[in-house]
Amino acid sequence: MSISSLFAGMDISATGLRAQRVRMDVVANNIANANTTRTATGGVYQRQRIVMQEAQASSPAAGATGTGSGVQVASIEVDTTPPRMVYDPGHPDADNGGYVAMPNVNIISEMVDMIAASRAYEANATALAAAKDMIRSSLSIGKA
Amino acid sequence: MATIGPAGAIGSIGQMSRALEAAGVGGTHQAREVGGSSFAQMLGGMIDTTNAQQVAADRAIVGLATGQVTDVHEAIIAAEKARISLEILAEMRNKLVASYQEIMRMQI
């Protein structure tokens, strides 16, 4: 048994922490671009969403006992729901009818997603601390 | 970075384990039969892994300071792994010394 398989639980939780951090980044980007009407690809900003998948078993976090090896971010996809049309004839990006295409970002659902990401990060951090405490308490068996 | 702090101390433990190996401790017939490798080899492997964890932790902290590591938790986890494996190694060493002293106290 290698010593690194002791830390499989910690490595799995680390993948969860990383995924939730990326999720948080995506939410922050959506909130920052909630009013963006111009993008590099042209057109209005479209809300981004994260797609997660189970990590490949060949990753270094793979457990020795055939357990999974955590999560990874598969891709960051674009939400294709149509943009919000706002009547604002004075806006430089308004169409002929005076409507401006605003991003399909709902700030309320982004805030909810942000809370969920931060709580999920906490959950992974707690799992990591529990795995660490288990190793440390097994060390204390030999004492006293 | 490899010789900073605890890594240097591990080096001296490594010398101790090599001395043990040279003295034939753990090289008994039964020990080889059970594990496939001697106890001294196992301990040596453990020392190497602990040293690798220490080096990784050092690297992660330097990476965090220089901006190469973007995830704070990566560095903290590397440091925690290094600490726990050092604690395990110290515990193994304590057991080894305790059993050696027990044998030395034996009445002949």
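Note that the coordinates shown come from a computational prediction; the quantities given were computed from them, not determined experimentally. (Residues numbered from 1 in each chain as written. Chains lettered and ligands numbered in written order. Predicted model: local features only at pLDDT ≥ 70, side-chain atom pairs only at ≥ 80, totals over all residues. Heavy atoms only, no water.)

A.B. asks: I'd like a rundown of the interface of chain B and chain A, residues and numbers included.
C.D. replies: Facing the 17 residues of chain B at the interface are 17 residues of chain A. For the pair chain B and chain A, the two sides together bury roughly 1,600 Å², of which 64% comes from carbon and sulfur. On the chain B side of the contact with chain A, B:H73, B:K81 and B:I84 bury the most area, a combined 31% of that side's loss. Summed over the shared surface of chain B and chain A, the number is 6 salt bridges. Between A:R21 and B:D71 there is a salt bridge, with the nearest N and O atoms lying 2.1 Å from each other. Contributing elements (two or more residues each) for the side of chain B that touches chain A: helix 3 (39-66) and helix 4 (72-104) of chain B. Counting residues per element, the side of chain B that touches chain A draws most heavily on helix 4 of chain B, at 12 residues. (Contact = heavy atoms within 4.5 Å. Buried area = accessible area lost by both parts, 1.4 Å probe. Salt bridge = Lys/Arg side-chain N within 4 Å of Asp/Glu carboxyl O. Helix = DSSP H or I, 4+ residues; strand = E, 2+ residues; numbered from the N terminus.)

A.B. asks: Please set out a nonpolar patch on the surface residue by residue, giving values where relevant.
C.D. replies: Nonpolar side chains collect at one region of the surface, where A:I107, A:I108, A:M111 and A:V112 lie side by side and expose about 380 Å² of accessible area between them. As for its placement among the helices and strands, A:V112 is situated in helix 2 (residues 107-139). (Patch = residues over 30% accessible without salt bridge, like charges linked within 9 Å, V, L, I, M, F, W, Y side chains within 5 Å. Areas by Shrake-Rupley, 256 points an atom, 1.4 Å probe, with all protein chains shown as cover.)

A.B. asks: Quick one: what's the story with the confidence of the model for chain B, residue by residue and with numbers?
C.D. replies: All names here are of chain B. Across chain B, pLDDT averages 76, with 67% of residues at or above 70. Mean pLDDT in chain B bottoms out at helix 2 (residues 29-35), which sits at 49, and peaks at helix 4, which reaches 90. Ignoring residues within four places in sequence, the model shows residues 26-33, a span with pLDDT below 50, making 9 contacts including any to other chains. Taken together, the chains of this predicted complex give a pTM of 0.74 and an interface ipTM of 0.73. (pLDDT = per-residue confidence, 0-100.)

A.B. asks: Please set out the pattern of salt bridges residue by residue, giving values where relevant.
C.D. replies: Applying the stated rule across the entire model yields 15 salt bridges over all chains. Across the pair B:D71 and A:R18 runs a salt bridge whose closest N-O atoms are separated by 3.8 Å. Placement of the pair is B:D71 in the loop between helix 3 and helix 4 and A:R18 in helix 1 (residues 8-32), with the two residues belonging to separate chains. Residue classification places B:D71 among the buried positions, given a relative accessible area of 6%. Looking at A:R18, the relative accessible area reads 32%, which means it is partly exposed. Between B:R83 and B:E87 there is a salt bridge; the shortest N-O distance is 3.9 Å. Within this pair, B:R83 and its partner B:E87 are both found in helix 4, separated by 4 residues, close to a single helical turn. On the accessibility criterion, B:R83 (38% relative accessible area) is partly exposed. (Buried < 20%, exposed > 50% of the residue type's maximum accessible area, 1.4 Å probe, protein only.)

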